[in-house]
2 protein chains.
Amino acid sequence: MRQPENLREERVASRQLLDGRLLKVFSDTVRLPDGREAVREWIRHPGAVAVIAHLRASDELILERQFRYPVGKAVWELPAGKLDSGEDPEACGRRELEEETGWRAGALHYVLPLLPCIGYSDEVIHIFYCDELSPGRAGLDEGECLDVHRLPLIEVRRLLETGAIQDSKTLVGLYWLFARLDAEARA
Amino acid sequence: MRQPENLREERVASRQLLDGRLLKVFSDTVRLPDGREAVREWIRHPGAVAVIAHLRASDELILERQFRYPVGKAVWELPAGKLDSGEDPEACGRRELEEETGWRAGALHYVLPLLPCIGYSDEVIHIFYCDELSPGRAGLDEGECLDVHRLPLIEVRRLLETGAIQDSKTLVGLYWLFARLDAEARA
């Protein structure tokens with residue numbers, strides 16, 4: 001087995017192709033492990049946070065349904081949002097959860113740094129789990145239109161099993177949760 | 001509950017910001033459900049396929065380890081690749097699996113259309129499962145450097161549990177597989 005360092009691609013040159021409002025695109029020339037050169041186009045993203053918000057007492061999850069323009073349809077999602085510059089991921093998760101859903105988080109448990117799109121984006125989505133929730137105050141950003149739902153776990157499992165959930169952060173967060181709950185139930 | 005159609009955003013105008021080798025970026029003006037307008041930047045992607053390749057007899061999975069420049073590290077991945085123009089996803093999965101790993105697929109079972117990056121890309125990754133595998137002939141594209149591994153299922157579970165797997169298509173495919181195998185084991 002080759003060691004990971006022997007797969008490494010080294011940057012030779014970088015130039016910015018696009019400085020959009022959201023999308024910052026770069027084209028880099030890289031040296032491959034075999035010495036040849038190649039071009040890599042990629043997006044610089046500030047990173048994001050998603051929260052698995054679990055109401056233990058009623059065995060419900062807080063999910064959102066939001067129209068996502070790039071995919072042209074409404075999508076079931078974990079509450080989530082982009083990191084502000086320099087923002088701590090846990091603080092971001094707490095902020096986005098309350099702004100979008102009106103639920104205030106107690107302790108957040110770190111689950112995983114998800115890489116949604118390794119082929120062309122440096123985005124990391126930090127996934128957190130929270131089962132300490134109390135009512136707070138929602139306040140959506142301008143231009144954000146989304147519906148917040150409290151769904152029984154059994155209904156969320158059904159959505160998962162029927163393929164109704166397709167968003168990557170949401171699939172990973174829910175699969176993680178159900179694996180954990182199933183392990184707790186067996187213990 | 002609002003119906004999904006009441007969340008819909010309608011395109012008012014679209015212009016292309018970038019026509020890169022890989023990244024085709026657009027900026028669209030959209031009308032929100034409340035009548036206001038907003039701007040959405042997004043990437044048009046040809047779509048991709050990933051294959052969960054399961055050697056039943058030895059209870060191993062075929063995984064790849066590849067340096068992914070945008071995230072700056074080597075990543076564990078399902079064998080995967082982009083769709084050629086007009087290509088059938090199943091044919092693409094078969095082609096990419098053999099080119100990258102040297103394994104030829106029998107029947108492919110469709111698992112899920114994964115949306116890795118709904119915030120800014122229309123990419124769909126079609127995930128397939130295959131446990132009918134026979135030796136074929138590998139042939140990597142120029143500039144592709146990756147290592148192919150046969151890993152025992154128990155080792156893959158350990159990688160999953162320790163957070164060593166972070167790529168979205170790979171996490172979703174593996175969680176799906178283990179949920180299915182665990183259900184089979186209980187039945």
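Residues numbered from 1 in each chain as written. Chains lettered and ligands numbered in written order. Predicted model: local features only at pLDDT ≥ 70, side-chain atom pairs only at ≥ 80, totals over all residues. Heavy atoms only, no water.

A. Layout of the overall build of chain A. If you tally the helices and strands in chain A, you get three helices and 12 strands. The dimensions of chain A, computed from C-alpha atoms along their principal axes, are 60 × 45 × 30 Å. Across chain A, the fraction of contacts at a sequence separation of at least 24, relative to all contacts at a separation of at least 6, is 57%. Side chains of chain A carry 25 positive and 33 negative charges; the gap between the two charge centres is 3 Å. (Helix = DSSP H or I, 4+ residues; strand = E, 2+ residues; numbered from the N terminus. Contact = heavy atoms within 4.5 Å. Lys, Arg positive; Asp, Glu negative; His and termini not counted. Charge placed at Lys NZ, Arg CZ, Asp CG, Glu CD.)

B. The arrangement of helix α3 (residues 168–186) of chain A in detail. The end-to-end C-alpha distance of α3(A) is 27 Å, a good match for the 27 Å that 19 residues give at a rise of 1.5 Å each. Buried residues of α3(A): S168(A), K169(A), T170(A), L171(A), V172(A), G173(A), L174(A), Y175(A), W176(A), L177(A), F178(A) and L181(A), and no others. (Expected span 1.5 Å × (residues − 1). Buried < 20%, exposed > 50% of the residue type's maximum accessible area, 1.4 Å probe, protein only.)

C. Region of interest: the relation of the copies chain B and chain A. Screw-axis analysis of chain B against chain A gives a translation of 0.0 Å along the axis, an RMSD of 0.0 Å, and a rotation angle of 180°. Those values place the two copies in the arrangement expected of a two-fold rotation axis. When C-alpha distances to the rotation axis are compared across chain B, the minimum falls at P116(B), with a value of 2.6 Å. (Least-squares fit on C-alpha atoms with pLDDT ≥ 70 in both.)

D. Region of interest: unusual backbone geometry. Residue and element names in this part refer to chain A. A positive phi angle is found at D59, which is not glycine, with a value near 50°. Of note, D59 is situated in the loop between β4 (48–55) and β5 (60–68). Classification of D59 by relative accessible area gives partly exposed; the value is 38%.

E. Region of the structure containing the domain arrangement of chain A. All names here are of chain A. For chain A, the assigned domains are domain 1 (4–44) and domain 2 (48–186). With centres defined by C-alpha atoms, the gap from domain 1 to domain 2 works out at 31 Å. Ranking the residues of domain 1 by area buried against domain 2 places L22, W42 and I43 at the top, with a combined share of 75%. For the interface between domain 1 and domain 2, the tally reads zero salt bridges. Remark: the boundary between domain 1 and domain 2 carries two residue pairs in polar contact (both at pLDDT 80 or more). Split into classes, the residues belonging to the side of domain 1 that touches domain 2 amount to three nonpolar, no polar and two charged. (Domains from an automatic or database assignment. Buried area = accessible area lost by both parts, 1.4 Å probe. Salt bridge = Lys/Arg side-chain N within 4 Å of Asp/Glu carboxyl O. Polar contact = N/O pair within 3.5 Å; in protein donor to acceptor, adjacent residues only side chain to side chain. Nonpolar A, V, L, I, M, F, W, Y, C, P; charged D, E, K, R; others polar.)

F. Structural view of the sheet that holds strand β1 (residues 10–19) of chain A. All names here are of chain A. Taking strand neighbours across the sheet as the criterion, the three strands line up as β1-β2-β3 in an open arrangement whose pairing is antiparallel. Single-partner strands in this sheet number two, and they are β1 and β3 (37–44). Each strand of the sheet is rotated relative to its neighbour by a mean of 20°, with strand direction disregarded. (Pairing = 2+ DSSP bridges. Axes fitted to C-alpha atoms, helices over the stretch in contact; angles between N-to-C directions.)

G. Representation of the interface of chain B and chain A. If you look at the interface, chain B gives 66 residues, while chain A gives 67 residues. Broken down residue by residue, the surface that chain B buries against chain A is led by Y69(B), I118(B) and Y120(B), which jointly contribute 14%. Taken together, chain B and chain A are joined by zero salt bridges. Counting across the chain B and chain A interface gives 20 residue pairs in polar contact (both at pLDDT 80 or more).

H. Focus on helix α2 (residues 153–161) of chain B. All names here are of chain B. Taken residue by residue, α2 has L153, V156, L159 and L160 as its buried positions. Down the axis of α2, the buried side of the element spans an arc of 115°, and every buried residue falls inside it. Turned more than 90 degrees off the buried face of α2, the exposed positions are I154 and E161. Those residues of α2 that are buried are in contact with β4 (48–55), β5 (60–68), β6 (73–77), β12 (146–152) and α3 (168–186). (Arc of directions from axis to C-beta.)

I. Representation of the pattern of salt bridges within the structure. Tallying each qualifying case throughout the model produces 40 salt bridges over all chains. Between E155(A) and R158(A) there is a salt bridge, and its shortest N-O distance comes to 3.2 Å. Of this pair, E155(A) and R158(A) both sit in helix α2 (residues 153–161), three residues apart, which is roughly one turn of the helix. Taking the relative accessible area as the measure of exposure, E155(A) reaches 27% and is therefore partly exposed. Between E96(B) and R95(B) there is a salt bridge; the shortest N-O distance is 3.2 Å. Residue class for R95(B) comes out partly exposed when judged on its relative accessible area of 22%. A network of salt bridges, in which partner residues are shared, links D84(A), E87(A), R95(A), E96(A) and E99(A).

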